[in-house]
Every structure is written in C-alpha cells, then in structure tokens.
Amino acid sequence: MSGPSRSRAIRWGALVLVVVAVALGVVVFVRGGSDAGAPAKRAEREWCTAGTPRSVLCPNGKAFDAKEFVTHGKAFECGNFASQADAQAVLRADPNDPNQLDDGGGVACRGLPEPRDTKPVPRPEAACGPGDTRSARCPQPDRAFDARYFLRYGNDAYDCADFANQADAQAVLRFDPADPNHLDGGGKGIACPDLPGPKDVKPVRRGTL
C-alpha cells in the first residue's frame, strides 16, 4: 500500500474508533442515569403503594384509615404518624386510646407537625393519674397545678379548652409572656377571659407580639 493510501486508511480507522467511543460513552451515560434513579423509584413502590396507609414513612398523598391503628392494642406511638391530625383521627376512632396517644384533654400527640386537629375527643373516663396537673380533664380544685405542663411543646399545642379555669390559663401566660399557646388572643395580657372562675384578670405585661 502506498504512503498516501496508508495515511488515508489510518485517518479513517481513527475516525471510526472515535465515533464508536463516543457512542459507547452516550450509552453508558444514559444507562447510568436511569440506573441511578431506579433505586429511589423501587423504594417508593416498596414502601408507599396505593393501599399503604399514610404514616411517617409515607407522609404524602396516601390513604389514611384510622381504624388500622386501633386494632392491635398498644402497637403505635406518636412517632408513627405523619401529622397531629392523623393521630387525632386515631384517638377519635377509639377514645379508649389503646395506643396512649392522648397528651391530655382529649388531644393526641400535640408535638407532631401540621395539619392539626385539636378539637378534644370526649374520653370514656376521666383518666386522671395521681400526679397529673389540674386541667379540664382533671378539674378538681385541690389538685396541684403546674404551668410548665402546658408549655412543654411550645408550639400552640394547648387551647383555652384544656384549662379547668381562667386563673390557670393566666398562670401559664404569666409564666411565659411570649404565649406560645396563643391564649391571649386579644393581646391585652389576659388569657382565656371566657373560661369560668376562679379568675385572674391582672394583665400580664407582654413582650413583642
């Protein structure tokens, strides 16, 4: 083969090798990208199928059946639920509360995120333990009251309906004038003015509202 012919063949061979290498690179890239996304998709199908109840593992757009969580005794706790409203639905489905979700006053898992449902569930019995603080659920006037009990979550976890009287709600506002429970809706330094007595209507000096 003459010099020019040999040179032309080498150039064509090199061009073919470059084209093949680029094609292989594209194939590997495409397959690699699709393989990279596959495990996440498989995990989604495995954990959150259409019939999987909504839970902390499947928090978005899944069906929720509260009855699923009340048929196995004390099998679930607050950490199993995607939101406070779901935990409240379970308490509402069985007010006997086999999972012991009620934080007091017929409201479940107050520390969970939104959406929220804090409308109290009437309980079949006043489940007042010996050390429980005075509240709407345990309204006895001789029972000790601890304002810190109503500030333990700090995220609007308690409402006026949780208190046995206005003076107790005022004690909580006095203990923490930042009012994380929004008991002083009018901003006048008086908590839950519509609650029954005993009353304490001496205004609490509020910080920045």
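As a starting point, this report considers the structure included with it. Keep in mind that this is a model prediction, so the values were computed, not measured. Position numbers for residues count from 1 along each chain, tracking the sequence in the order it is written. Since the coordinates come from a predicted model, pLDDT governs what is reported: local features require at least 70, and pairs of side-chain atoms require 80 or more to be given and counted, while whole-chain, interface and lining totals use all residues. The basis for the side-chain values is all heavy atoms of the structure; hydrogens and waters are excluded.

**Quick notes on the overall build of the protein chain**
Okay, step 1: In terms of regular secondary structure, the protein chain is built from 3 helices and 0 strands.
Okay, step 2: Every helix listed is a DSSP run of H or I at least four residues long, and every strand listed is a run of E at least two residues long, numbered separately from the N terminus. Listing each helix as α and each strand as β along the protein chain from the N terminus yields α-α-α.
Okay, step 3: Three labels apply to residues, based on accessible area from a 1.4 Å probe with only protein chains included: buried if under 20% of the type maximum, exposed if over 50%, partly exposed otherwise in between. Here the protein chain holds 209 residues, and the buried ones make up 33% of them.

**Quick look at the nonpolar core**
Okay, step 1: In this description, a nonpolar core means a group of buried Ala, Val, Leu, Ile, Met, Phe, Trp, Tyr and Cys residues linked to one another through side-chain atoms lying within 4.5 Å. In terms of nonpolar packing, the biggest core is built from 14 residues, with F163, A169, V172, L183, A191 and C192 touching the most fellow members.
Okay, step 2: When residues no more than four places from it in sequence are discounted, the contact partners of L183 are Y158, D159, C160, F163, A169, V172, I190, A191 and C192.
Okay, step 3: Core analysis: the second largest hydrophobic core is formed by 12 residues, F69, V90, L101 and V121 among them. Here a residue-residue contact requires only that any non-hydrogen atoms of the pair lie within 4.5 Å.

**What about the packing of aromatic side chains?**
Okay, step 1: Only Phe, Tyr and Trp rings are paired, with Trp represented by its six-membered ring, and only when their centres lie within 6.5 Å; those with planes under 30 degrees apart are stacked, over 60 edge-to-face, the remainder tilted. In this structure the tally under the stated criterion is 9 aromatic pairs.
Okay, step 2: With a centroid separation of 5.3 Å and 20 degrees between ring planes, the pair formed by F64 and F69 is classed as stacked.
Okay, step 3: With 4.8 Å between their ring centres and 65 degrees between their planes, F69 and F76 make a pair best called edge-to-face.
Okay, step 4: In textbook terms, an aromatic cluster arises when at least three aromatic residues are bridged by ring pairs, as seen for F145, Y149, F150, Y153, Y158 and F163.
Okay, step 5: Whether a charge sits over a ring comes down to the Lys NZ or Arg CZ being within 6 Å of the ring centre and within 35 degrees of the ring normal. In this structure, R152 packs its charged tip against the face of Y149, placed 4.1 Å from the ring centre.

**Section: the environment of D176**
Okay, step 1: Relative to the helices and strands, D176 resides in the segment after helix 3 (166-175).
Okay, step 2: Considering only alpha carbons, one finds D176 and A147, 29 residues apart in sequence, at a separation of 9.0 Å.

**Brief notes about the side chain of D102**
Okay, step 1: When you line up the elements, D102 lands in the loop between helix 2 (84-93) and helix 3.
Okay, step 2: The exposure class of D102 is buried, given its relative accessible area of 13%.
Okay, step 3: Two N or O atoms count as a polar contact when they lie within 3.5 Å, although within protein this holds only if one can serve as hydrogen donor and the other as acceptor, and sequence-adjacent residues are included solely when both atoms are side-chain atoms. A polar contact of 3.3 Å, which involves the side chain of D102, links it to the backbone nitrogen of G106.

**Side note on the state of the cysteines**
Okay, step 1: To count as a disulfide, a pair of cysteine sulfur atoms needs to be within 2.5 Å. All chains considered together, the criterion is met by 3 disulfides.
Okay, step 2: Here C48 is linked by a disulfide to C58, with a sulfur-sulfur distance of 2.4 Å. Taking the sign of the S-S torsion, -95 degrees for the link of C48 and C58, the bridge is left-handed. Pair noted here: C48 is in the loop between helix 1 (3-47) and helix 2 and C58 is in the loop between helix 1 and helix 2, with a separation of 10 residues, a long-range link.
Okay, step 3: For C48, a relative accessible area of 9% gives the class buried.

**Observations regarding the side chain of Q88**
Okay, step 1: Examined against the element boundaries, Q88 turns out to sit in helix 2.
Okay, step 2: At 2.8 Å, the side chain of Q88 forms a polar contact with the backbone oxygen of K119.
Okay, step 3: When near neighbours in sequence (up to four residues on either side) are disregarded, Q88 contacts G106, V107, A108, D117, K119, P120 and V121.

**Here's the deal with helix 2**
Okay, step 1: Counting buried residues in helix 2 gives 7 out of 10 residues, a clear majority hidden from the surface.
Okay, step 2: For helix 2, the full list of buried residues reads Q84, A85, D86, A87, Q88, V90 and L91.

**Comments concerning empty space enclosed by the protein**
Over the atoms rolls a probe the size of a water molecule, and its path tells where empty space is left.
Okay, step 1: Note on definitions: the grid is 1 Å and covers protein atoms alone; a cavity is a set of points where a 1.4 Å probe fits but cannot get out; a pocket is an open set with protein on both sides within 12 Å along at least five of seven lines; lining residues have an atom within 4 Å of a point. Grid points are joined across faces, edges and corners, and a volume is the space filled by probe spheres set on the points. All told, the structure shown has 1 cavity of 30 Å³ or more when counted by the stated rule.
Okay, step 2: Size it by volume and the largest cavity reaches roughly 40 Å³.
Okay, step 3: What lines the largest cavity is G104, G105, R110, S135, R137, Y149, F150, Y158 and D162.

**Some details on unusual backbone geometry**
Okay, step 1: Cis rather than trans, the peptide bond between E114 and P115 has omega equal to 0 degrees.
Okay, step 2: Its location among the elements puts P115 in the loop between helix 2 and helix 3.
Okay, step 3: In this chain, G197 is followed by P198 through a cis amide linkage whose omega measures 5 degrees.
Okay, step 4: Structurally, the position occupied by P198 is in the segment after helix 3.
Okay, step 5: The phi dihedral of D156 is positive, around 60 degrees, even though this residue is not glycine.
Okay, step 6: Structurally, the position occupied by D156 is in the loop between helix 2 and helix 3.
Okay, step 7: Despite not being glycine, C192 has its phi angle at roughly 45 degrees, a positive value.
Okay, step 8: Following the sequence through the fold, C192 ends up in the segment after helix 3.
Okay, step 9: The class for C192 is buried, based on a relative accessible area of 3%.

Nothing here speaks to function; it is all geometry.
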